[in-house]
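Structure at a glance
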Amino acid sequence: MRVVVALGGNALQRRGEAMTADNQRANVKVAAEQLAAVTRLGHNLVMCHGNGPQVGLLGLQNDAYARHVDGKVTPYPLDVLGAQTEGMIGYMVEQELGNVLPFEVPIATILTQTEVDPNDPAFKNPTKFVGPVYGKDEAEKLAVEKGWVVKADGEYFRRVVPSPKPKRIFEMRPIKWLIEKGVVVIAAGGGGIPTMYQGDRLVGVEAVIDKDLASALLAREVDADYFVIATDVKSVFVGWGTPEAKAIRHAHPDEMDKLGFAAGSMGPKVEAACEFARLAGKKAVIGALEDIERIVKGEAGTVISTARPGIEWY
């Protein structure tokens, strides 16, 4: 099978954890052990990853430099920071995957540009979390100082930026060429570098594309047999955090639409899984990173497909 796995940025940089290179590499090492299991099962692996914490950190470093030189340097925009995170995370994932897979297995990271619509309503309603978490008072202070939009992320607060929907991935031809040669491909990191057309010129955009929606688009384009969204929970829950919480084993996309999920957390994952299931007619699964092998075997996670109606609970 051809399996596309979308790995969350928070799986690579844990919530509340110091945002150091050592911590990120330790998390990547854990992820690599799980991802390697997909290839050991004989499947062709394509991996995507989030970059919210990482692009936010680069943004803070960026601002610090601009202040250091008395504001005489224009900070790098989000599209450039996104490109930097694709290289940084791709490098670590390549190296750690290479440390657990046979030397003969080729691995490659593709810097990926993703087209968005300049008229996407997301530009007027930022929802994508980036950067570290803050307490309420600190977040509100930073919002005033930097002109940020901040929103609650669980018990913390984080900066939010526009997250327009992906329309097209420009590097699909080289991605497909590599897949056909048996390469483990890392692509569409952070949803891809956000770009749009101004007339006949392609330019960068101040945004962060949701990696799950971009991964679903990539999965359809490469004709994936299985689309896995790896997160920090074992399945999709209804009533999460309450005594009435229930885990979903299998659901038709129409049933998932009726339930409603938060835009800043599980919502985009469910939307991406439903979109893939409907348009590709194949299975999408949302589950925990540590369960990747069992997910691919069909033994864990929440399966979303059009194969049968209704909803089944664990």
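Chains are numbered independently. Their residues run from 1 in the order of the written sequence. Local features in this predicted model are restricted to residues of pLDDT 70 or higher, and side-chain atom pairs are both shown and tallied only at a pLDDT of 80 or more, whereas totals for entire chains, interfaces and linings draw on every residue. Side-chain metrics in this entry use all non-hydrogen atoms of the structure; hydrogen atoms and water are not considered.

**Details of the overall build of the protein chain**
The number of helices and strands found in the protein chain is 10 helices and 17 strands. In terms of overall dimensions, the protein chain is globule-like: its C-alpha atoms have a radius of gyration of 19 Å, near the 20 Å expected for 314 residues. Under the scheme applied here, a residue whose accessible area is under 20% of the maximum for its type counts as buried, over 50% as exposed, and between as partly exposed, the area being computed with a 1.4 Å probe on protein chains only. For the protein chain, the residues scored as buried account for 51% of the 314 residues in total. It only takes one pair of heavy atoms within 4.5 Å for two residues to be counted as in contact. Across the protein chain, the fraction of contacts at a sequence separation of at least 24, relative to all contacts at a separation of at least 6, is 75%. Here the protein chain has roughly 14,500 Å² of accessible surface; of this, 52% comes from carbon and sulfur atoms. The convention is simple: Lys and Arg are positive, Asp and Glu are negative, and His and the chain ends are not counted. One atom stands in for each charge, and that atom is NZ of Lys, CZ of Arg, CG of Asp or CD of Glu. In the protein chain, which carries 36 positive and 40 negative side-chain charges, the distance between the mean positions of the two groups comes to 2 Å. Counting from the N terminus, the helices are DSSP H or I runs at least four residues long and the strands are E runs at least two residues long. Only the C-alpha atoms count toward the radius of gyration. The rule for a globule is 2.2 Å times the residue count to the power 0.38. For the accessible areas, the method is Shrake-Rupley and the probe is 1.4 Å, while residue cover comes only from the protein chains on display.

**Some thoughts on unusual backbone geometry**
Even without a glycine there, the phi angle at A188 is positive, about 55°. The topology assignment puts A188 in the loop between β9 (184-186) and β10 (193-198). Judged by its relative accessible area of 0%, A188 falls in the buried class. The phi dihedral of D223 is positive, around 60°, even though this residue is not glycine. Its location among the elements puts D223 in the loop between α7 (211-221) and β12 (226-231). You can call D223 partly exposed: its relative accessible area is 48%.

**Some details on helix α4 (residues 78-100)**
For a helix, the expected span equals 1.5 Å multiplied by the residue count minus one. With 23 residues, α4 should cover 33 Å at 1.5 Å per step; its first-to-last C-alpha distance of 33 Å lies within 8% of that length. Among the residues of α4, L78, D79, L81, G82, T85, E86, I89, G90, M92, V93, E96 and L97 are the ones counted as buried.

**Some details on the nonpolar core**
Residues grouped as a nonpolar core are buried Ala, Val, Leu, Ile, Met, Phe, Trp, Tyr and Cys residues, joined through side-chain atoms within 4.5 Å. Within the largest apolar cluster, 38 residues are counted, with the highest numbers of intra-cluster contacts made by I175, L218 and F227. Looking at this core, the elements that each hand over two or more residues are β1 (2-7), β2 (44-49), α6 (172-180), α7, β12, β14 (246-251), α9 (266-280) and β15 (283-288). Among residues more than four places away in sequence, those in contact with I175 are I110, I169, V185, A187, L218 and V222. Among the nonpolar cores identified, the runner-up in size contains 31 residues, and A32, I186, Y226 and V303 belong to it.

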